[in-house]
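If you want the building blocks of each chain, they are given just below.
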Amino acid sequence: MRRIRYEHSGGPEVLFQEDVPAPTPGPGELLVKVEAVGVTLPVVRKVRESREPVPLGGEVAGEVARLGEGVDAYAVGDRVTGLCFGHGYAEYAVLNRAMASAVPAGATARDAVALVRSGVVALGALESARPGKGESVLVTAAASGVGHLALQLARLRGASRVVAAVGDPAKADFVRSLGADEVVTYTDESWGEPCDIVLDAVGGDLLPRAVHALAPGGRLVAYSSGGGTIEAYDLLVGGKSVIGFQVAHIARTRPARYADWIAELWALHREGSLRPAVHAAFPLADAARAHAAIEDRLNRGKVVLTLP
């Protein structure tokens, strides 16, 4: 089968395609014939920053080709999606059954990789902040695969004011079309009136600004792989708090809640209330172009790899 890999850290140019045998699913695993792969910023960062090569994982969607021992919730031929922690940029990928979920009839593989993992992160981050009806929400990386869904979910959950923070003002029209009341850029001197909730996907040097954007008693949910440091005093002033969120932890420790979130996302998608956007779809062999789109912050919505 075809697979994308790299041997040393660097930019998109270090990715290459190779031919390898298809993997064998172990106990509790499914082998999926991949139709689409969602490209994520954490994976792009790993290629550039990791000391040793790591498998290129991510959201995958496709058809079950083989079942590992102990998997009885699915059958060969079922269409599934899920987060792959192994080699996901490939014609066949292995999914842990805890990370797999069914793709409804009528939904495409692109729908699945644009909606499920990114949507669960967005919904989980929002719920972690314990939003009250009528509170205000600011979303960083608002045009990203997760961010553009978080904007919509904040509105659907009753936010009175939704602020989109983006790196490029050219993305303003896109995020406004998804329900943002206000748009700010990272370099703006002010981000406007403070918000009750900040959902931060950027981290790093932007994290202190995100804390500063909180109203008294506000909550920041950090789900970025970008790290960052916060001064404790900045939290003490105004009684602010920071909450960390990781979707894999929820999937493993609270599977019923994880399943409920996925069911809610598909229901909202089916009724047309939640619109996942695919910025661009690239063939598997063009994975380098997909990574470049993420690194250059060009995307408005999800970047996807496709396989015939």
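Read on for a plain summary of the structure. As the structure is a prediction and not an experimental result, all values here were calculated from the model.

Calculation notes
- Throughout this description, residue numbers start from 1 for each chain and increase along the sequence as written.
- Since the coordinates come from a predicted model, pLDDT governs what is reported: local features require at least 70, and pairs of side-chain atoms require 80 or more to be given and counted, while whole-chain, interface and lining totals use all residues.
- Only heavy atoms go into the side-chain values, all of them from the structure, while hydrogens and water stay out.
- In this text, buried Ala, Val, Leu, Ile, Met, Phe, Trp, Tyr and Cys residues form a nonpolar core when linked through side-chain atoms within 4.5 Å.
- Throughout, exposure labels follow a simple rule: accessible area from a 1.4 Å probe, protein chains only, divided by the maximum for the residue type, with under 20% read as buried, over 50% as exposed, and the rest as partly exposed.
- Contacts between residues were defined by any pair of non-hydrogen atoms, one from each residue, lying within 4.5 Å.
- Only the stretch in contact is used when fitting a helix axis, every axis being a line fitted to C-alpha atoms; angles between N-to-C directions are given from 0 to 180 degrees.
- The way it works is that DSSP assigns letters per residue, a run of H or I at least four long becomes a helix, a run of E at least two long becomes a strand, and they are numbered from the N terminus.
- Oblique is the label for every angle not falling under 35 degrees (roughly parallel), over 145 degrees (roughly antiparallel), or within 65 to 115 degrees (roughly perpendicular).
- Amino acids outside the nonpolar list (Ala, Val, Leu, Ile, Met, Phe, Trp, Tyr, Cys, Pro) and the charged list (Asp, Glu, Lys, Arg) are all regarded as polar, and Gly is one of them.
- One less than the residue count of a helix, multiplied by 1.5 Å, gives the span that helix is expected to have.
- The arc under discussion is defined with respect to the helix axis, by the directions toward the C-beta atoms.
- Two strands qualify as a pair provided that DSSP identifies no fewer than 2 bridges between them.
- Salt bridge, as applied in this entry: a Lys or Arg side-chain nitrogen positioned within 4 Å of an Asp or Glu carboxyl oxygen.

Some points on the nonpolar core
Grouped together as the largest cluster of nonpolar side chains are 71 residues, with contacts concentrated most on Val 175 and Leu 199. In contact with Val 175, other than residues within four places in its own chain, are Ala 142, Ala 143, Leu 151, Ala 164, Val 166, Ala 180 and Val 183.

Focus: the packing of helix H1 (residues 41-49) against helix H9 (residues 287-295)
Two numbers describe how H1 lies on H9: the axes approach to 10 Å, and their chain directions differ by 105°. On the basis of the axis angle, H1 is roughly perpendicular to H9. Between H1, through Leu 41, Val 43, Val 44, Val 47 and Arg 48, and H9, the contact on the second element is made entirely by His 291, Ile 294 and Glu 295. Among the residues making up the contact of H1 with H9, the classes are represented as 5 nonpolar, 1 polar and 2 charged.

Quick word on helix H8 (residues 255-270)
Relative to the 22 Å expected for 16 residues at 1.5 Å per residue, H8 spans 23 Å between its end C-alpha atoms, a close match to the ideal helical length. Considered for burial, the residues of H8 that qualify are Tyr 258, Trp 261, Ile 262, Leu 265, Trp 266 and Leu 268. Seen end-on, H8 carries its buried residues on one side only, within an arc spanning 160°. Away from its buried face, by an angle of more than 90 degrees, H8 presents the exposed residues Ala 256, Asp 260 and Arg 270. In this structure, the buried side of H8 is in contact with strand S7 (100-102), helix H2 (109-128), helix H3 (147-156) and helix H7 (247-253). Two residues or fewer after H8 comes Gly 272, characterised by a positive phi angle close to 85°.

Regarding the environment of Ala 73
With respect to the secondary-structure elements, Ala 73 resides in the loop between strand S4 (58-67) and strand S5 (79-84). Take Ala 73: its relative accessible area is 60%, and that puts it in the exposed class. Along the primary structure Ala 73 and Arg 97 are separated by 24 residues, whereas in three dimensions their C-alpha atoms are 8.5 Å apart.

Describing the sheet that holds strand S10 (residues 182-185)
Reading across from one edge, S10-S9-S8-S11-S12-S13 is the order of the 6 strands in this open sheet, with parallel pairing throughout. On the outer flanks of this sheet lie S10 and strand S13 (241-244), each paired with one strand and no other. Shown here is a sheet whose adjacent strand axes are inclined to one another by a mean of 20°, direction ignored. By the bridge criterion, 4 bridges tie strand S12 (residues 214-222) to S13 in an arrangement that is parallel. Counterpart to Ala 222 in the pairing with S13 is Gly 244. The strands touched by H3 within the sheet are strand S8 (136-139), strand S9 (161-166) and strand S11 (195-200), with S9 carrying the most contacts at an inclination of about 170°.

Looking at the pattern of salt bridges
Within this structure, the stated rule accounts for 14 salt bridges. The partner of Arg 161 in a salt bridge is Glu 182, and the shortest N-O contact between them spans 2.7 Å. With Arg 161 in strand S9 and Glu 182 in strand S10, this residue pair connects regions lying 21 residues apart in the sequence. Residue classification places Arg 161 among the buried positions, given a relative accessible area of 15%. Taken together, the salt bridges that share partners define one network made up of Arg 3, Arg 5, Glu 7 and Glu 18.

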